[in-house]
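Single-letter residue listing:
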Amino acid sequence: MTTAPEVGRDRRRKEDARLITGRTNWTDNIQLPGMLYVAFLRSPMAHARIRNVDVSGVLGQDGVVAAYTGADLAAEQGSLPCAWPVTEDIVIPDHPPMAVDEVRYVGEAVACVVATDRYVAADMLELIEIDYEPLPPVLDMEAALAEGASLVHSDKGTNASFTWPFSAGDVDAAFGDDAVVVSRRYVQQRLIPAAMEPRSVVVAPEGDGYTMWSATQIPHVLRLMLAMVTGIAEHQLRVVAPDVGGGFGSKLQVTAEEVITLLLAKRLRKPVKWTEGRTEGIQTTHHGRDQIQKVALAADRDGRFRGLKIELLADMGAYLMLVTPGVPLLGAFMFPAIYKFDAYSFTCTGVFTTKMPTDAYRGAGRPEATYAIERLVDEMAVELRMDPMELRRRNWIKHEEFPYTTIATLTYDTGNYEAATEKALQLFGYDKLRAEQADRRERGDAVQLGIGISTFTEMCGLAPSRILGQLAYGAGGWESASVRMLPTGKVEVVTGSSAHGQGHETAWSQIAADQLGVPFEDVTVLHGDTRVSPKGMDTYGSRSLAVGGTALVQACDRVVDKAKRIAAHMLEASEEDIEFEGGTFRVRGTPEPATTIQEVALATFAAHDLPEGVEASLDSDATFDPENFSYPHGTHLCAAEVDTETGMVKLRSYVAVDDVGVVINPLIVEGQVHGGLAQGIAQALYEEAVYDSEGNLLTSTLADYLIPSAADLPEFVTDRTETPSTTNPLGVKGVGEAGTIASTPAVVNAVVDAIRQFGVNDVPMPCSPEHVWRAIQEAGGEPATTLGRGPGR
Amino acid sequence: MIPAKFSYVRPESLDEAVQALDGAGEDTKVLAGGQSLLPLLRLRLAYPEAIVDLTRLGELRGVRDEGGHLWIGSGTTHHELIRDPLVRQHAGLLAQTAATVADPAVRHRGTLGGSLAHADPAADLPATVLTLDGELVVRGPGGERTIPASSFFVDYLTSVLRPAEILTGIRIPKTWGGWNFHYEKFCRTAQSWAIVGVAAAVRRSDGAVAEARLGLTNMGSTPLRAQAVEAAVQSSAPGSHDALRAAAASADDGTSPPSDLHGQADYRRHLVRVLTARALITASRL
């Protein structure tokens with residue numbers, strides 16, 4: 001029963017029907033008998049001492065079961081964990097899930113009400129009285145580091161959490177007098193992840209223990225952390241991530257609400273639910289990005305890159321959450337990108353402010369790095385009067401030079417930047433667009449055309465445990481898989497990855513189908529429940545396929561090995577003579593006799609006649625720890641029209657040629673690229689979390705925090721080249737973040753390119769119409785048109 | 001949505017609705033399409049004691065030709081405005097403007113009356129009704145009165161509508177034959193509010209623009225008419241794009257645009273001049 005291989009096939013996702021219709025276990029859909037609802041009262045102040053919290057007005061009201069302040073829970077709530085203390089002298093402040101003495105950002109929880117319905121709980125928050133003594137907000141990173149600055153954590157004596165340096169090669173020589181140097185200051189604005197499904201958590205006491213359902217990316221890490229924070233024994237905690245509607249890193253977290261909901265269920269011995277509202281989520285689900293980047297690139301006159309200097313300030317927000325300080329370090333390794341340098345220096349200081357903490361957001365450190373280097377390369381091209389693609393060509397690692405160890409000490413296993421670029425240029429029509437650009441400039445058209453390039457790479461497949469240890473991360477980077485052969489030959493695959501929209505159930509089914517020679521439909525994939533899949537490191541950092549997929553291949557190999565012994569016995573041949581292909585065991589070189597893996601599964605179950613010393617099970621487990629990261633890359637090209645009278649940017653075309661290694665399911669890869677592009681373009685053009693001078697988040701609804709929809713995006717032209725990774729047997733690299741990492745600089749490069757003739761060499765993100773218009777005004781460049789000429793007129 | 005508690009009435013007739021409002025306290029809100037009220041309830045920015053739901057009132061629906069004017073029920077949705085043949089024939093600007101509002105979900109629920117009564121200067125339809133010299137028909141305990149759009153809007157989110165009055169219909173004079181229209185909306189994403197919008201009605205004569213009516217969205221605390229531009233057009237009868245651009249240069253006269261996340265006031269002043277020129281040029285078909 002040999003069929004066409006599943007790997008490489010456009011399979012529609014088997015999980016989509018239930019996810020799209022919503023008829024499934026979203027956490028908020030879970031209803032339990034006697035369930036109570038908790039609502040949190042949140043600080044309206046960016047920074048204040050809590051003089052008094054009075055919940056007495058709430059107690060005794062209809063429907064109210066309990067109300068607690070941070071002080072009430074102080075003895076048991078612990079401190080929210082930071083798993084990545086990046087330096088030995090890092091300052092990690094205490095982070096109580098509900099504030100006890102002081103609040104440090106607008107939205108920080110200060111008290112909670114538990115009621116029999118969620119409306120009552122919300123109403124009762126208004127009856128809690130709090131006496132705040134205002135303290136000065138700390139909002140600007142550079143000011144926060146100045147002498148005499150107000151402190152976010154007064155007991156720490158500083159607003160600096162850590163400084164992490166890295167240096168390789170002779171940086172001074174690289175930046176010597178004979179070098180052409182381009183220096184810039186870029187700002188990575190603060191972003192709000194805004195997954196479609198809000199955060200939600202339900203905790204039910206069960207016997208001596210507790211079951212938590214949470215809209216999380218990390219059920220396994222969460223269980224371990226909850227045990228450490230609350231002291232509840234790990235084996236008495238079961239954490240379930242039911243169907244989860246997106247995360248983008250925002251659900252890679254151990255949240256105050258998860259801890260408090262667990263403690264409430266423990267105190268009240270009843271199931272308790274919490275679900276955030278959209279505004280509550282925008283304010284209090286961790287934010288992303290927020291860096292000030294001082295960057296400098298040195299090159300020879302002929303365009304050969306010599307050195308790169310990066311100085312970052314990274315806004316931690318008010319506290320360090322799960323991997324807050326580690327995010328900019330993931331970028332530290334990626335600033336050199338696909339280029340060869342003699343020297344590189346990097347330093348990052350993490351800064352406390354009175355804002356929502358930041359943490360991982362799609363790309364996590366790598367988009368920031370990619371933006372800076374790809375913007376800088378374009379600026380250097382202008383400085384050298386060289387075509388920006390030609391400058392890249394002169395400096396990138398050539399395909400015959402792999403494996404290549406970069407100046408940042410990473411070893412890129414494979415890549416072919418030439419091939420991806422060649423394909424992208426053809427699809428884009430680069431020369432024709434450059435001609436149109438010249439023509440529009442010549443004519444002084446109100447609408448100018450710009451071309452943006454991003455020849456990006458990133459590191460995926462997080463991560464070799466050995467390297468994580470060297471970086472002081474609190475855990476390993478392996479992943480597990482189990483394969484259970486059922487008596488009828490159907491297959492249950494258990495993975496420690498935790499899908500929240502990626503399509504694991506489909507892709508893992510395809511892998512298992514090929515490895516075991518069973519039909520795609522015969523595989524079920526189980527995940528996201530510590531009782532079903534007890535071992536896992538969960539899903540983030542484009543790791544699931546490269547690490548978890550490899551574990552699955554290894555577990556399948558072990559099933560086949562076990563089955564082979566039994567098949568040999570059944571076929572009365574020696575094991576060495578058995579070959580396995582397409583689900584069938586045969587004696588080598590003969591078509592008959594043969595037996596299928598399903599027949600072997602049944603025979604194993606019956607166990608009537610197994611070879612001596614063979615146990616009655618084909619089930620197998622594997623845990624895979626990668627030796628190296630994987631390095632997807634690609635060439636993205638963007639053509640942007642800029643209306644110079646209004647500043648409006650319209651993307652005319654976007655070509656993305658990605659090399660993500662071997663592709664399991666092209667349809668899923670396509671979807672990941674589209675979604676990733678939308679999110680990266682969103683940073684370039686639309687999104688920005690804005691705090692006012694008092695520390696209030698102004699962009700607290702989706703009317704003010706602008707997320708683009710399909711109507712705002714061009715038709716993407718996507719294609720692939722395929723250079724298999726040699727780090728894992730599947731040859732896969734990862735695709736979850738590629739589009740987001742690549743697209744932001746491609747778009748901004750295009751915008752700047754369109755208006756460079758006015759003297760503009762940067763536009764602050766997001767490139768809103770007003771930012772673009774002001775950049776033109778401030779450069780002193782008058783558009784060579786009268787008002788109102790406009791596009792298409 | 002977890003709003004604060006309120007009581008709820010859903011009258012079956014207009015008289016019943018007026019009665020319900022008349023008997024209710026100051027903190028009573030009228031619910032039509034809910035596209036403004038529900039977000040306010042969700043954010044707990046509104047705490048009405050009671051909500052009077054008008055969605056069952058057939059009297060507020062439909063579009064009729066009443067001879068000298070078109071009568072459009074206040075409960076007409078944006079989607080219905082876009083599709084209605086009478087609206088397209090006599091007040092095409094309304095259909096065109098409605099098509100720019102938010103997204104299909106909003107357009108299927110949001111109503112013309114709701115948009116006008118809410119009096120948000122960032123909303124698109126108020127400037128268009130103002131441009132078309134519309135009149136608003138309201139019913140209260142004392143009977144019916146008709147208010148020209150030009151005196152309906154008082155301030156940000158404030159109209160002359162009294163607490164117990166219901167906006168029942170909008171009259172658009174059937175005098176727009178031979179005029180061309182364009183609504184120029186400037187917004188950052190397809191679903192977002194106008195940073196600035198310009199509604200233009202233009203009548204041509206002898207190859208030039210003889211008359212123009214211009215309404216401005218989000219250029220002050222109420223929708224505004226660009227009177228200086230209207231006067232400039234009247235006096236100069238512009239016959240070229242350059243002449244229309246010159247006329248548009250005074251589009252920000254008499255405006256007081258807000259400064260907010262989406263644009264500072266000086267940027268909006270610049271934009272309204274550009275967009276007015278574009279709206280005039282498009283509507284003029286020159």
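Parameters at a glance
Residues numbered from 1 in each chain as written. Chains lettered and ligands numbered in written order. Predicted model: local features only at pLDDT ≥ 70, side-chain atom pairs only at ≥ 80, totals over all residues. Heavy atoms only, no water. Contact = heavy atoms within 4.5 Å. Buried area = accessible area lost by both parts, 1.4 Å probe. Salt bridge = Lys/Arg side-chain N within 4 Å of Asp/Glu carboxyl O. Polar contact = N/O pair within 3.5 Å; in protein donor to acceptor, adjacent residues only side chain to side chain. Helix = DSSP H or I, 4+ residues; strand = E, 2+ residues; numbered from the N terminus. Nonpolar A, V, L, I, M, F, W, Y, C, P; charged D, E, K, R; others polar. 1 Å grid on protein atoms, 1.4 Å probe; cavity = no way out; pocket = protein on both sides within 12 Å on 5 of 7 lines; lining within 4 Å. Points joined across faces, edges and corners; volume = space filled by probe spheres on them. Domains from an automatic or database assignment. Buried < 20%, exposed > 50% of the residue type's maximum accessible area, 1.4 Å probe, protein only. Pairing = 2+ DSSP bridges. Axes fitted to C-alpha atoms, helices over the stretch in contact; angles between N-to-C directions. Phe/Tyr/Trp six-rings, centres within 6.5 Å; stacked < 30°, edge-to-face > 60°.

### What about the interface of chain B and chain A?
The interface is formed by 34 residues belonging to chain B together with 37 residues belonging to chain A. Both sides of the chain B and chain A interface together cover about 2,900 Å² of buried area, and 58% of this is carbon and sulfur. Of all residues in chain B, Arg188(B), Leu261(B) and Arg278(B) bury the most surface against chain A, accounting for 25% of the area lost on that side. Put simply, chain B and chain A have 5 salt bridges between them. The closest approach of N and O atoms between Asp643(A) and Arg278(B), which form a salt bridge, is 2.7 Å. Scanning the region where chain B abuts chain A turns up 15 residue pairs in polar contact (both at pLDDT 80 or more). Looking at the side of chain B that touches chain A, the elements that each hand over two or more residues are β11 (179–186), α11 (241–248) and α12 (265–284) of chain B. Here the side of chain B that touches chain A gets 10 residues from one element, more than from any other, and that element is α12(B). Looking at side-chain class alone, the side of chain B that touches chain A contains 16 nonpolar, 8 polar and 10 charged residues.

### Topic: the layout of surface pockets
Approximately 620 Å³ is the volume attributed to the second largest pocket. In terms of lining, the second largest pocket is formed by 25 residues, of which the most central are Met648(A), Val649(A), Lys650(A), Lys185(B) and Cys187(B). Those elements that place two or more of their residues in the lining of the second largest pocket are β26 (633–643) and β27 (649–659) of chain A together with β11 and α12 of chain B. Of the residues belonging to the lining of the second largest pocket, the class tally is 14 nonpolar, 2 polar and 9 charged.

### Let's talk about the domain arrangement of chain B
How big an interface is tends to be stated in terms of accessible area lost as the parts join. All names here are of chain B. When the domains of chain B are assigned, the result is domain 1 (7–53), domain 2 (58–173) and domain 3 (179–284). Facing the 14 residues of domain 1 at the interface are 15 residues of domain 2. Across the domain 1/domain 2 interface, buried area totals approximately 1,200 Å², and carbon plus sulfur atoms make up 68% of it. On the domain 1 side of the interface with domain 2, the three residues burying the most area are Leu14, Val18 and Gln35, jointly 45% of the side's total. Between the two partners, domain 1 and domain 2, sit 1 salt bridge. Between arginine 139 and aspartate 15 there is a salt bridge whose closest N-O contact spans 2.9 Å. Run the count over domain 1 and domain 2 and you get 2 residue pairs in polar contact (both at pLDDT 80 or more). Across the side of domain 1 that touches domain 2, the residue classes break down as 6 nonpolar, 4 polar and 4 charged.

### Considerations on the environment of Trp508(A)
Residue and element names in this part refer to chain A. For tryptophan 508, the location among the structural elements is in helix α15 (residues 504–516). For tryptophan 508, a relative accessible area of 3% gives the class buried. With 131 residues separating them along the chain, tryptophan 508 and valine 377 place their C-alpha atoms 39 Å apart. If sequence neighbours within four positions are ignored, tryptophan 508 has contacts with Val493, Thr495, Ser497, Val525, Ser544, Leu545, Gly548, Gly549 and Leu552.

### What about the domain arrangement of chain A?
Residue and element names in this part refer to chain A. By domain assignment, chain A separates into domain 1 (31–135 + 196–246 + 251–284), domain 2 (413–458 + 631–793) and domain 3 (478–624). Taking the mean C-alpha position of each, domain 2 and domain 3 sit 43 Å from one another. Every contact between the two is made by 14 residues of domain 2 and, on the other side, 14 residues of domain 3. Together domain 2 and domain 3 conceal approximately 1,000 Å² of surface at their shared face, both sides included; 66% is due to carbon and sulfur atoms. At the surface where domain 2 touches domain 3, the tally comes to 0 salt bridges.

### Some points on the pairing of strand β2 (residues 28–31) of chain B
As paired elements, β2(B) and strand β3 (residues 50–53) of chain B share 4 bridges and run parallel to each other. Paired with Lys29(B) across the strands is Ile51(B), a residue of β3(B).

### Here we look at the sheet that holds strand β12 (residues 196–205) of chain B
The strands that make up a sheet are held in pairs by hydrogen bonds between backbone atoms, and each pair lies either parallel or antiparallel. Residue and element names in this part refer to chain B. Sheet architecture is open: 4 strands sit in the order β11-β12-β13-β14, paired in antiparallel fashion. Each of the sheet's edge strands pairs with one partner strand only, and the pair in question is β11 and β14 (224–225). Packed onto the sheet, helix α8 (residues 124–131) meets β11, β12, β13 (208–217) and β14 and runs at close to 145 degrees relative to β13. Its contacts with the sheet put α12 on β11, β12 and β13, and the angle it makes with β12 is roughly 35 degrees.

### A few points about the packing of aromatic side chains
All names here are of chain A. This model, assessed by the stated rule, comprises 21 aromatic pairs over all chains. Between phenylalanine 402 and tyrosine 417 the ring centres are 5.6 Å apart and the planes differ by 75 degrees, which places this aromatic pair in the edge-to-face class. Separated by 15 residues along the polypeptide, phenylalanine 402 in the loop between α11 (388–395) and β16 (404–405) and tyrosine 417 in helix α12 (residues 417–428) bring together distant segments of the chain. Like tyrosine 417, phenylalanine 402 is buried. With 6.5 Å between their ring centres and 65 degrees between their planes, phenylalanine 629 and tyrosine 631 make a pair best called edge-to-face. Judged by relative accessible area, phenylalanine 629 falls into the buried class, the value being 3%.

### Thoughts on the environment of Arg375(A)
Residues and elements named next belong to chain A. Tracing the sequence through the fold places arginine 375 in helix α10 (residues 366–384). Its relative accessible area of 0% is what places arginine 375 among the buried residues. Other than its neighbours up to four places away in sequence, arginine 375 contacts Tyr186, Val748, Asn749, Val752, Asn761 and Asp762. Of note is the side chain of arginine 375, whose polar atom sits 2.9 Å from the side chain of asparagine 749.

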